[in-house]
Amino acid sequence: MRTVQDVLGADEPSAEVVLRDPRAGELGWIVQRNGALYAAEYRLATHAARAG
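Quantities reported herein were computed from a predicted structural model and do not represent experimental measurements.

Novice: Could you give an account of the overall build of the protein chain, with specific residues and numbers?
Specialist: Within the protein chain one finds 3 helices and 0 strands. Counting from the amino terminus, the protein chain carries its helices and strands in the arrangement α-α-α. Summing over all exposed atoms, the protein chain offers an accessible surface of approximately 5,400 Å²; the carbon and sulfur share of this is 57%.

In structure tokens:
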């Protein structure tokens, strides 16, 4: 455990992380990507593949 602590550093908090508001299109991309990953993981056919 000491080695891990030495590698990661002291118990001091690192720099503060600030999240910005999402920009136009980013939330839609997240939803689309999540659906694509879900479909790939569960081997689901996409709507376009079923239609054609």
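This is not the end of the story, as more comes after the structure.
Novice: Any chance you could break down the packing of aromatic side chains for me, citing the residues and the numbers?
Specialist: Within the structure shown, the criterion is met by 1 aromatic pair. Between Tyr38 and Tyr42 the ring centres are 4.6 Å apart and the planes differ by 45 degrees, which places this aromatic pair in the tilted class. Overall, the relative accessible area of 48% leaves Tyr38 in the partly exposed class. Taking the relative accessible area as the measure of exposure, Tyr42 reaches 48% and is therefore partly exposed.

Novice: Let's hear about helix 2 (residues 26-41): which residues, and what values?
Specialist: Between its first and last C-alpha, helix 2 extends 22 Å over 16 residues, near the 22 Å set by a 1.5 Å rise per residue. Arg43 occupies a position one or two residues after helix 2 and carries a positive phi of about 55 degrees.

Novice: Describe the pattern of salt bridges, naming the residues involved and giving the relevant values.
Specialist: One pass over the structure, following the stated rule, counts 1 salt bridge. Here Arg20 and Glu26 are joined by a salt bridge, their closest N and O atoms 3.0 Å apart. For Glu26, a relative accessible area of 27% translates into the label partly exposed.

Novice: Account for the confidence of the model for the protein chain, with residues named and values stated.
Specialist: Atomic detail in the predicted coordinates should be set aside for any region of low pLDDT. Here the protein chain averages 82 in pLDDT, and 77% of its residues register 70 or above. For the protein chain, per-element mean pLDDT is lowest for helix 3 (residues 47-51), which scores 59, and highest for helix 2, which scores 94.

Novice: Account for the environment of Arg20, naming residues and giving values.
Specialist: By the secondary structure assignment, Arg20 is in the loop between helix 1 (2-8) and helix 2. Here Glu26 takes part through its side chain, which lies 3.0 Å from a polar atom of the side chain of Arg20.

Conventions adopted
- Residues numbered from 1 in each chain as written.
- Predicted model: local features only at pLDDT ≥ 70, side-chain atom pairs only at ≥ 80, totals over all residues.
- Heavy atoms only, no water.
- Helix = DSSP H or I, 4+ residues; strand = E, 2+ residues; numbered from the N terminus.
- Areas by Shrake-Rupley, 256 points an atom, 1.4 Å probe, with all protein chains shown as cover.
- Phe/Tyr/Trp six-rings, centres within 6.5 Å; stacked < 30°, edge-to-face > 60°.
- Buried < 20%, exposed > 50% of the residue type's maximum accessible area, 1.4 Å probe, protein only.
- Expected span 1.5 Å × (residues − 1).
- Salt bridge = Lys/Arg side-chain N within 4 Å of Asp/Glu carboxyl O.
- pLDDT = per-residue confidence, 0-100.
- Polar contact = N/O pair within 3.5 Å; in protein donor to acceptor, adjacent residues only side chain to side chain.

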